[in-house]
Amino acid sequence: MVALDIDGTLMGGDGTVPDAVRAAVAGVVAAGVPVVLSTGRGWTGTKPLADLLDLPPGQHVSSNGAVRVSYPPLELLERVTFDPADVVDRVLAEHPEAMVAIEVIGEGFKVNRPFPEGELTGELVQVELGELVAEPVTRVVVRDPNASEDDFLRLAHRLGLQGVSYFIGYTAWLDIAPEGVDKSYGLAGVCRDLGVDPADVLALGDGRNDIEMLRWAGRGVALGEAPEVVRAAADHVTGPFLDGGTAEELRRWF
């Protein structure tokens, strides 16, 4: 099985998938090996990539492992949730100017204030705080374009964030997920269903939310520009994305 992160692994910052990557993924499919998208994106942001790559029916992992689907046709296989009220209260107490988004499966997000254009996919509905945290959720996104990655690393440290999983993005971006849930959790479910040994999984990623996946997979490969902590978690480091690192690793085996 091949598990692929999307942003920075399949898709560049300009929102396009290089032809070489598309061809390399097609080579995996042609070999009869399942290709599983494994991403922090919600399903609304994951589906277009499955369509673009013309992937055959199969399972995919979104929302950092909290959502697992089969597509096409779309079937929700697993959805892990948590009560967001306490953690959102603590985030806003520490960082009152933060933007907060709650994922709505298959639709988009509820937000406390507008996010930068293009950062979230699907319908965005601005609501009051009470409605934002009224029901269990799969994912909370915290964002501040005026802060830095280091600012959010310090924020996560101050919050403690007990009882949830969390992932820091390259920018001032914090993803909060149910406790014990990460990409490896979702992929383990795929492996159980398909009868695949994790030792026979090739996983590629470039972000902090890929660390658990890269450690879990039989061969975890980090992109060359990944942060040091991500590269250290991998079995191998391929070239940077812009230098064709993703296609290089896939062509090595397919």
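Above: the structure in question.
Calculation rules
Residues numbered from 1 in each chain as written. Predicted model: local features only at pLDDT ≥ 70, side-chain atom pairs only at ≥ 80, totals over all residues. Heavy atoms only, no water. Pairing = 2+ DSSP bridges. Helix = DSSP H or I, 4+ residues; strand = E, 2+ residues; numbered from the N terminus. Axes fitted to C-alpha atoms, helices over the stretch in contact; angles between N-to-C directions. Contact = heavy atoms within 4.5 Å.

Here 3 strands make up an open sheet; going across it, the order is 3-4-5 and the pairing antiparallel. Looking at the sheet topology across the chains shown, the edges are occupied by strand 3 (58–62) and strand 5 (75–79). Averaged over neighbouring strand pairs, the angle between their axes works out to 25° when direction is ignored. Alignment of strand 4 (residues 67–71) against strand 5, held across 4 bridges, turns out to be antiparallel. If you follow arginine 68 over to strand 5, its bridge partner there is glutamate 78. Together, strand 3 and strand 4 form the strand contacts of helix 2 (residues 43–52), whose direction differs from that of strand 4 by roughly 35°. Here helix 6 (residues 183–194) sits on the sheet and contacts strand 3, strand 4 and strand 5; the angle it forms with strand 3, its principal contact strand, is near 165°.

Quick look at the environment of aspartate 235 now. Structurally, aspartate 235 is set in the loop between helix 8 (228–233) and strand 14 (236–237). Those residues in contact with aspartate 235, other than ones at most four positions away along the chain, are Leu214, Ala217, Gly218, Arg219 and Gly220.

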